[in-house]
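Residues per chain are reported as follows:
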Amino acid sequence: MQSLEGQVAIVTGAASGIGRAIAKRFAEDGAIVVIADLMLPAAQATVAEFEAAGHRALAVAMDVTSEEQVEAGVAATMAAFGRIDVLVSNAGIQIVHPIDEFPFSEWKKMMAIHLDGAFLTTKACLKHMYAAKRGSVVYIGSVHSKEASVLKAPYVTAKHGLIGLSKTLAKEGAKYGVRSNVVCPGFVRTPLVEKQIPEQAKALGITEAEVIKNIMLKDTVDGEFTTVDDVADAVLFFAGASTNALTGQSIIVSHGWSME
Ligand code: NAD
């Protein structure tokens, strides 16, 4: 495994939660990190914190569903640092409803953030990675890339879809030295999950404690939440792999909720 020392990594959705922890882990490994997020002030606060710790970082405003904003963020990265070695496609949201009640507008919003966002950021970075004949893309999937849960049809659909995108990129990118892999976390207590606990309790008519114990952590081996650092470790493992031996793969980090 190689160190990311001196490498440039774009992490989408890195102003919060899992993305922020990945960016921090990369920075600690010596990478220059680009915090690309919808929320520019939060991205700038993250950069200020990283810089105070002696790391190099750049905040870019980016809605991953906008081709124009994605292209602009990638161009700003190239202007600042002249290279892009790693893309972590992490930005994501959750919306829960049963399928028969799912508003089409919300289905489309989920597809746009999870799938269009992954495609647009990949496409924009690839032209620079292919020219440099090196690069690594890591998608943040989910246990829901492998399993299904009630109320989460678009999330499950999109997270399964990321595996297909990643495998295709692994095949197309190989001759340019570009690798592609997916990290699939179980439940992590980020703002995305904190929001779901009361929503699921209401939708299913159970308490919040029951949502955690009987739904979110029911199938884990030890009843524990996965942490942002657990996920960051796995992402660094894929990002730092040195050859095409590790491409087209997905790894589940979920306290055994899902096993393969
Ligand atoms: P989070 O809500 O803490 O952070 C998500 C970040 O993405 C925020 O900073 C937000 O501003 C940003 N974002 C949202 N929409 C965006 C857009 N259109 N463009 C750019 N940025 C946008 O969420 P999290 O839990 O850290 O989730 C990160 C990723 O991990 C998501 O893809 C999520 O599906 C995945 N994931 C989370 C869990 C979990 O349990 N938390 C489990 C498995 C997978």
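Residues numbered from 1 in each chain as written. Predicted model: local features only at pLDDT ≥ 70, side-chain atom pairs only at ≥ 80, totals over all residues. Heavy atoms only, no water.

Details of the domain arrangement of the protein
Quick note on the threshold: Domain limits in this description derive from either an automatic procedure or a database domain assignment. Here a residue-residue contact requires only that any non-hydrogen atoms of the pair lie within 4.5 Å. Defined in terms of a 1.4 Å probe, buried area is the accessible area two parts forfeit on being brought together, summed over both.
For the protein, the assigned domains read domain 1 (8-186 + 227-253) and domain 2 (189-225). Domain 1 and domain 2 are separated by 25 Å when their C-alpha centres are compared. Each side of the interface is counted separately: domain 1 has eleven residues, and domain 2 has ten residues. Across the domain 1 to domain 2 interface the summed buried area is about 740 Å²; carbon plus sulfur atoms make up 67%. For the domain 1 face of the interface with domain 2, the top three residues by lost area are Gln94, Val96 and Leu151, together amounting to 49%.

Describing the pattern of salt bridges
So the rule is basically this: When a carboxyl oxygen of Asp or Glu is within 4 Å of a side-chain nitrogen of Lys or Arg, the pair counts as a salt bridge. For the exposure calls, accessible area comes from a 1.4 Å probe over protein chains only, and a residue counts as buried if that area is under 20% of its type's maximum, exposed if over 50%, partly exposed in between.
In the structure shown here, the tally under the stated rule is twelve salt bridges. Taking the shortest distance from any N to any O, the salt bridge between Arg83 and Asp85 comes out at 2.9 Å. Taking the relative accessible area as the measure of exposure, Arg83 reaches 36% and is therefore partly exposed. With a relative accessible area of 3%, Asp85 lands in the buried category. Bridged by salt links that share partners, the residues Lys24, Arg25, Glu28, Asp229 and Asp233 form one connected network.

Describing the nonpolar core
What counts here: Nine residue types can take part in a nonpolar core, namely buried Ala, Val, Leu, Ile, Met, Phe, Trp, Tyr and Cys, and a core is a set of them joined through side-chain atoms within 4.5 Å. In this text, helices come from DSSP runs of H or I with a minimum length of four residues, and strands from runs of E with a minimum of two, each type numbered from the N-terminal end.
Formed by 39 residues in total, the largest nonpolar core has its most connected members in Ile10, Cys125, Met129, Tyr139, Leu169, Phe187 and Met216. It is helix α4 (residues 104-132) that provides the largest number of residues to this core, a total of eight residues. Counting residues in hydrophobic clusters, the runner-up holds 31 residues, among them Ile18, Val33, Val235 and Leu236.

Examining the packing of helix α1 (residues 17-28) against helix α2 (residues 40-52)
Our working definition: In this description, a line fitted to the C-alpha atoms serves as the axis of each element, helices being fitted only across the stretch in contact, and the angle between N-to-C directions of two axes falls anywhere from 0 to 180 degrees. Convention used here: angles under 35 degrees read as roughly parallel, angles over 145 as roughly antiparallel, angles from 65 to 115 as roughly perpendicular, and any remaining angle as oblique. Note on convention: near helix rotated counterclockwise from far helix by under a right angle means a left-handed crossing. Clockwise means right-handed. In this count, Pro and Cys sit with the nonpolar residues alongside Ala, Val, Leu, Ile, Met, Phe, Trp and Tyr, while Asp, Glu, Lys and Arg are called charged and the others, Gly among them, polar.
Two elements in contact, α1 and α2, have axes separated by 11 Å at closest approach and are oriented at 25 degrees. What the angle tells us is that α1 and α2 run roughly parallel. In this structure, the crossing between α1 and α2 has a hand that is right-handed. Contacts from Arg20, Ala23, Lys24 and Ala27 in α1 reach Thr46, Glu49 and Phe50 in α2. Along the lines of polarity and charge, the residues of the contact of α1 with α2 split into three nonpolar, one polar and three charged.

What to know about the site of the ligand
Note the threshold: Whether a residue is near a molecule or strand is decided by its heavy atoms; if any one of them lies within 4 Å of it, the residue is near. Whenever a nitrogen or oxygen atom comes within 3.5 Å of another N or O atom, the pair is scored as a polar contact, on the condition that within protein one atom can donate a hydrogen and the other can accept it, and that pairs from neighbouring residues in sequence are kept only if both atoms are in side chains. Here the open area of atoms and residues is found with the Shrake-Rupley method and a 1.4 Å probe, where only the protein chains shown may cover a residue.
Within the structure, the ligand sits among 30 residues, and Asp37, Asn90, Tyr155, Val188 and Thr190 are positioned closest to it. Separating a nitrogen atom of the ligand from a backbone N or O atom of Val64 is a distance of 3.0 Å. The contact in question runs from an oxygen atom of the ligand to an N or O atom on the backbone of Asn90, over 2.7 Å. When isolated, the ligand has an accessible area of 830 Å², and the protein chains bury 94% of it. Mapped onto the shell around the ligand, the elements with two or more residues apiece are α1, α4, α5 (153-173) and α6 (191-204). Sort the elements by how many residues they give to the shell around the ligand and α6 lands first, with three residues. When its residues are assigned to classes, the shell around the ligand shows 17 nonpolar, ten polar and three charged. Each of domain 1 (8-186 + 227-253) and domain 2 (189-225) gives at least three residues to the shell around the ligand.

Regarding the pairing of strand β1 (residues 8-12)
The cut-off we apply is this: Looking down the strands as they point away from you, a crossover is right-handed if its path from the first strand over the helix to the second goes clockwise. One requirement defines pairing of two strands: DSSP has to find at least two bridges between them.
Burial analysis of β1 places five of its five residues in the buried class, which makes it a mostly covered element. Of the two faces of β1, the one carrying Val8, Ile10 and Thr12 and the one carrying Ala9 and Val11 are both buried. Viewed along the sheet, the connection from β1 through α1 into strand β2 (residues 32-37) turns out right-handed. Two strands pair when backbone bridges link them, and β1 and strand β4 (residues 86-89) are joined in this way by three bridges, in the parallel orientation. For Val11, the partnering residue across the bridge sits in β4 and is Val88.

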